[in-house]
Structures are given as C-alpha cells and as structure tokens.
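Structural features, examined
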Amino acid sequence: MNREPRSRTPETPPPSPAPASGTVHWVGTGLSTGRSGLGLLCDRARRVVLWDRTADRAARRLAALGLTGRAEARGLEAGALTAAVGPGDVVVSMLPAAEHRALLELAVGRGAHFACTSYTSPELDRGAAAAARPGLVVLTEAGLDPGIDHLLAHELVDRARQAVGDRAATAVFTSYCGGLPAVPNDFRYRFSWAPYGVLAALGTPAHYAEDGAWRTARHPWLATRTLTLAGEDFEVYPNRDSAPFAAQYGFPDHWRLGGFVRGTLRNAGWRSAWSEVFDTVRAGDEDRTRALAKQLAERYPTTEADRDRVVLHVALEVADPDGTPRWRGSRLLDLTGTAAESAMARCVSLPLALGVVRVLDGALRPGLNRAAETPGEAAAWLAALAGHGLAAAAEESTAPGSPGAPGGTADPLRPASRTERGAPPEGEVPHGA
C-alpha cells in the first residue's frame, strides 16, 4: 500500500511564537461552550471576553455557566470584535466552520493567535501559513473528534513503537466517536445542533483501509459494523477520508496498514431506525433532506431533562508480517452528562481551553497545530485532561518476546475490548493495496 512519508526531522529549530497578551476572545456561545473549558480559561488567562450576537445574550450564557463576573460579555455589533482584538490576543472561534476563515483573517490582521475545534480546511491551512510568518499560532482540531482522538492516537502509536521496536509490521487502527442519548430512544439519537449537517454528512463517501486495501463506501452507513465495548454493542461506520491521518499520527514507513478507519459510533439499532433518513439522503434532493432534518429536529430534540453520553474508542494492533500478534492497545472514554454540563460540552471545550493555555504559555509553534502533533505534546495534553477528570481507560497487551515485554515474557495477549462483526458491505469499492 503506497503511503506518503510518515515523519521528518526538522533541520532547524522551530521559530518562537509571538508573545501572548493573556487576553482570550471566545466567539460563540453554543452548546459546546462548556463551563469546564471556559472556566479553566477564566482561571488561567489574564482576561476572557465572551462574544455573542448581543452583550445581553453573552451575559445570559455566562450566568447559565455560573461564570458571571469572571469574563466580560460583549456583542458582535459591526466592527466591535475587530476593534477589540489586539496583538498577542487569542481569538477562539466557536462559530460554524464556514465562519472560521473570516475570524482567522481578522486575527492575523490584528496580530492575534487563533484556535478552533474544526477540521483543517484548505482555507485554514493557507491562513495558518500566512500566520506563521509573524509568529502567530493557529490551533485546529482541538476538541473531542477531532481533538482528543488525535491525542489518544499519538499515545497508542508511541506505545506500540516502543513495544515492537524498529521492525516491519502490519498495523490495524480504528477510531470511533459518537455523541449519544444516555438513554436510547426509538430513533437512537437526539439532535442538539445543526440537524441538516448530521444528515448531509451521510451523503459524503467514506475512504478507509480494510484487509490491506483502501476502500470507498459511497454512503457511509453501508459500511456499518457492530462494535462491542465492555459487553455493550454499538454500531460504527467510517466517515470522511481516513487516509491523511496515518501520516499525522506518525505511523512509521515500515508499518503496512492492514486497516485504518476513523469513524462514527451510534447506539445499537441505529441503522434500522434511520432507514427513512438513508432513503432521503440517497435520493440526493437537498430540499427534501432539509425538510426531513427539520422534522426530525422537532421530533427528537435534546431537552433540559435529557442527558447525553460521549463514547470514544481508539485502538491499535500491531503484528509481524506473518500475522503473529506483537502488541495491542486501546483507549476508551465513556462519559455521561450531568445537569450542570453536558458530556459533549465538557469533551469539546476542555481540550480546546487546554490548547489555548498552551498558546498562552508559548508552548506551540507558529503556524498550524492540529491538537498535538508529537507524542510528547500529546502526553502533556492528556495529562492535563486527566488532571481535570477527563481520562480514558487504557488496555494494553504485549506478545511474549516483544521488545516491550518485561524480561521478554509479558502477559499473553488478551482478547481486545473491540470486536467488529459484519460481512463486506454493499456499495463498497476496493482500491489497490
């Protein structure tokens, strides 16, 4: 399987970032703006400003988070944000992804750093290159997924490389994440944001590796598998394009990818419950899809009485070229929301806030940073998350005779916490190995 180089050693030390002023502008007050993350910044930053459409709305959100008096409330009247941002400030975008580009341009124009939780679009990539020249930091993919999943992936790859040494191997990697209702309903889902976006994403083909070959599922749900974690069944399917992330996670060149999937996790029974959605998405009628999204959002909203649940599972298995197992490890984050804060808000806002603290501390290099880009930085981030009560359960096993096995005789490999079942799905197109 042809892959781009996995890593490179910089020939010159990275440039130092522009000094941070200590002021953070948090733009947007949606459901992912949690008290854990924003409260952390109120503790660590010199000044925090929360921006909403009006100052009254921002003040009400601060009150709901129990942070009145700890951050300033401001309204996004014309020109107000531009006038307020100064050199060395950090602009945090919690707006929809389509708004990031404009906020990044605003930040760079004012000499400020930038952070968001979204995937790195080509526009953000180009903006980050421009930001690097004056020493500005651009932090992306710093939430839950993407975000914590990246940190756990770096940790697993580093652990595996220590365990198996510098040898040819076959690796199988999976990363699945889902925001779920804590008590499953008949639809196996509740909408807390952008219902159309949830449906539209199902119309995007998924690209992933399985059985040593890259495959494309024309519709992601056609590649649904069963995933069993701690005795509980879930349904998982690939999404987006998984291919670029092997390089991002530092997979060495001498590892052949036997499988590589980044995907979505849902409650058991999801595929059956969503059959009407799939029929609509398959038809490709945008107006019809938007109408259905509106109906479903009204039928299955997340109310104040509902509790959400976040489940993230990342796993890596490494074997000799002949198939002899050498090492496997997994990380499982399973969190249920409370009346004080949803699981999703905590899992998105806390890692983002910790990333912003890294910017304030001058710990991130100028230009693009996608959560953590190295095992050492990932370890620091994970330790900080654990210090705030957000830690994933770890499982590891090393085959006898592997370099990482104590005395050459570690415990035999236990059955992995992950099991996937299902025949090759319809609508899947294999690519050359």
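Everything below is about the structure printed above this text.
The following refers to the structure shown. Note that this is a predicted model, so its numbers are computed, not measured.

1. Description of the environment of Trp274
Inspection of the secondary structure assignment puts Trp274 in the loop between α9 (270-273) and α10 (275-283). Apart from residues no more than four positions distant in its own chain, Trp274 is found in contact with Phe187, Tyr189, Phe191, Val198, Leu199 and Leu202.

2. As for the packing of aromatic side chains
What the rule picks out here adds up to 18 aromatic pairs. Arranged with centres 6.2 Å apart and planes meeting at 75 degrees, the rings of Tyr119 and Phe245 form a pair that is edge-to-face. With Tyr119 in the loop between β5 (113-116) and α5 (122-132) and Phe245 in helix α8 (residues 245-248), the pair connects residues that are 126 residues apart, well separated along the chain. With respect to class, Tyr119 is no different from Phe245; both count as buried. A ring pair is formed by Tyr249 and Phe260, whose centres lie 6.3 Å apart and whose planes are at 35 degrees; its orientation type is tilted.

3. Regarding the pairing of β5
The alternating pattern of β5 places His113 and Ala115 on one face and Phe114 and Cys116 on the opposite face, and all of these are buried. Inspection of the sheet shows strand β4 (residues 90-93) paired to β5 by four bridges, in the parallel sense. Note that in β5 the partner of Val90 across the bridge is His113. Where β5 and strand β6 (residues 137-140) come together, two bridges link them in parallel fashion. Looking across to β6, one finds that Ala115 is bridged to Leu139.

4. Section: the sheet that holds strand β15 (residues 367-370)
Taken together, seven strands build an open sheet; the order of strands is β3-β2-β1-β4-β5-β6-β15 and the sheet is parallel. The open sheet has two edge strands with one neighbour each: β3 (72-75) and β15. Averaged over all neighbouring strand pairs, the angle between strand axes comes to 20 degrees, with direction disregarded. On the sheet, helix α1 (residues 35-44) packs against β1 (23-27) and β2 (47-52) and is oriented at approximately 145 degrees with respect to β2. Helix α2 (residues 55-64) contacts β2 and β3 of the sheet and is inclined by roughly 150 degrees relative to β3.

5. Here we look at the packing of helix α4 (residues 100-109) against α5
How two helices pack is summed up by the angle between their axes together with the distance between the axes. Closest axis-to-axis distance for the α4/α5 pair is 10 Å, and the angle between their directions is 5 degrees. Viewed along their axes, α4 and α5 adopt a mutual orientation that is roughly parallel. Packed against α4, whose contacting residues are His100, Arg101, Leu104 and Val108, the element α5 presents Glu123, Leu124, Gly127, Ala128 and Ala131 at the interface. Grouping the constituent residues of the contact of α4 with α5 by class yields five nonpolar, two polar and two charged.

6. Here we look at the side chain of Asp308
Structurally, Asp308 is set in strand β13 (residues 308-319). Although Asp308 is buried, it forms no salt bridge, and the closest oppositely charged side chain is Arg307 at an N-O distance of 7.3 Å. There is a polar contact of 2.9 Å between the side chain of Asp308 and the backbone nitrogen of Met344. Non-local contacts of Asp308, meaning those with residues more than four positions away in its chain, are made with Leu180, Ala182, Leu335, Thr336, Gly337, Ser342, Ala343 and Met344.

Each value, and the rule that gives it
- Residue numbers run consecutively from 1 along every chain, following the written order of its sequence.
- The model is predicted, so local features are restricted to residues of pLDDT at least 70 and side-chain atom pairs to those at 80 or more, both for listing and for counting; the totals for chains, interfaces and linings are taken over all residues.
- Excluding hydrogens and water, the side-chain values take into account all heavy atoms of the structure.
- Secondary structure is summarised from DSSP: a helix means a run of H or I of at least four residues, a strand means a run of E of at least two, and numbering begins at the N terminus for each.
- What makes two residues a contact is simply this: any of their non-hydrogen atoms within 4.5 Å.
- Whether two aromatic rings pair depends on their centres lying within 6.5 Å, for rings of Phe, Tyr and Trp, where Trp uses its six-membered ring; planes under 30 degrees apart make the pair stacked, over 60 edge-to-face, and the rest tilted.
- Only protein chains enter the calculation, and the probe is 1.4 Å; a residue is then buried if its accessible area is under 20% of its type maximum, exposed if over 50%, and partly exposed in between.
- Following DSSP output, two strands are said to pair if at least two bridges run between them.
- Lines fitted to the C-alpha atoms define the axes, with helices restricted to the stretch that makes contact. Angles between their N-to-C directions range from 0 to 180 degrees.
- Put simply, angles under 35 degrees are roughly parallel, angles over 145 are roughly antiparallel, angles from 65 to 115 are roughly perpendicular, and the rest are oblique.
- Each residue is assigned to one of three groups, with Ala, Val, Leu, Ile, Met, Phe, Trp, Tyr, Cys and Pro labelled nonpolar, Asp, Glu, Lys and Arg labelled charged, and all others, Gly among them, labelled polar.
- Charged residues are defined narrowly, with Lys and Arg counted positive, Asp and Glu counted negative, and His plus the chain ends left uncounted.
- Any Lys or Arg side-chain nitrogen located within 4 Å of an Asp or Glu carboxyl oxygen qualifies as a salt bridge.
- Throughout this description, a polar contact denotes any pair of N or O atoms lying within 3.5 Å of each other; where both atoms belong to protein, one of them has to be capable of donating a hydrogen while the other can accept it, and for residues adjacent in sequence the pair is counted only when both atoms sit in side chains.

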